[in-house]
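# Remarks on the overall topology
Next come the chains, spelled out residue by residue.
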Amino acid sequence: MSEYEQTMTVRAAPDEIFAFIADVRNMPKYLPTTKAAQPQGEERVRVQGEAHGHAYDSDGYLRRDPDGNRLEWGADEGYYSGWMEVRADGDPGSSAVTVHISLRGTPPGADPSKRPSDAEINEGLIKSLKSIQNYLEGKGGKEEPSAA
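Just so we're clear, the structure is a prediction, and the values are computed from it rather than from any experiment.

### A look at the environment of P66
Along the polypeptide, P66 turns up in the loop between β4 (54-65) and β5 (70-75). Sequence-wise, P66 and D118 are 52 residues apart; in three dimensions their C-alpha atoms are separated by 30 Å.

### Thoughts on the nonpolar core
Membership of the largest hydrophobic core comes to 30 residues, with the highest contact counts inside it found for I17, I21, Y30, L71, M84 and I132. Apart from residues lying up to four places away in sequence, I132 is in contact with I17, F20, I21, Y30 and M84.

### Let's talk about helix α3 (residues 118-137)
In this model α3 runs 28 Å from its N-terminal to its C-terminal C-alpha over 20 residues, within 8% of the 28 Å that 1.5 Å per residue would give. Of the positions making up α3, those classed as buried are I121, G124, L125, S128, L129, S131, I132, Q133, N134 and L136. Buried residues along α3 sit in contact with β1 (2-10), α1 (14-22), α2 (27-30), β6 (80-88) and β7 (95-103). G138 sits one or two residues past α3 and shows a positive phi near 70°.

### Comments concerning the sheet that holds β6
Reading across from one edge, β1-β7-β6-β5-β4-β3-β2 is the order of the seven strands in this open sheet, with antiparallel pairing throughout. The outermost strands of the open sheet, each flanked by one partner alone, are β1 and β2 (34-39). For this sheet the average axis-to-axis angle between neighbouring strands, irrespective of direction, equals 20°. As defined by bridge partners, strand β3 (residues 44-51) adjoins β4 across eight bridges and the pair is classed as antiparallel. Looking at the pairing, R46 lines up with D59 of β4. Relative to the sheet, α1 contacts β1, β4, β5, β6 and β7, its axis offset from that of β6 by approximately 155°. Along the sheet face, α3 touches β1, β6 and β7 and points at about 25° away from the line of β1.

### Observations regarding the pairing of β7
Taking burial as the measure, the nine residues of β7 include nine buried ones, the bulk of the element. Residues S95, V97, V99, I101 and L103 of β7 are buried on one face, and the alternating residues A96, T98, H100 and S102, pointing to the opposite face, are buried as well. Direction of pairing for β1 relative to β7: antiparallel, over a ladder of nine bridges. Residue pairing in the sheet places T7 in a bridge with T98 of β7. Hairpin connection from β6 to β7: six residues lie between these consecutive antiparallel strands, with G90 at a positive phi of about 95°.

Cut-offs used in this document
Residues numbered from 1 in each chain as written. Predicted model: local features only at pLDDT ≥ 70, side-chain atom pairs only at ≥ 80, totals over all residues. Heavy atoms only, no water. Helix = DSSP H or I, 4+ residues; strand = E, 2+ residues; numbered from the N terminus. Core = buried A, V, L, I, M, F, W, Y, C linked by side-chain atoms within 4.5 Å. Buried < 20%, exposed > 50% of the residue type's maximum accessible area, 1.4 Å probe, protein only. Contact = heavy atoms within 4.5 Å. Expected span 1.5 Å × (residues − 1). Pairing = 2+ DSSP bridges. Axes fitted to C-alpha atoms, helices over the stretch in contact; angles between N-to-C directions.

And the structure:
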């Protein structure tokens, strides 16, 4: 299993950031490779996109903890899970957003030899956080990783 984590400061209140990231309709705005996301019930989501030449259409869980400003998610197949948490960072009007993912194996139908490198995965996490920052600070939109 591989673990990856990145944190970035966003100039917005924790509740505002959490409301943005917890809305399934916003996921394609900040998740690199994700082109569409649809809610499928209270704690279910379907995401579609393309990563490293592999199209995906995956169902999974999405758990929201508004009191803790935390999201947890994972693919039904068990190869991917993660969480995102928003905390006030001490500077009024700013928050620290942390994203963490765990990878176990490869997605169904994916070529294991085309697995992204650790650097590419970390770049994807940073671009995801940067996209959140862009939207909430009015600096633009989604940033795609160079090797998506």
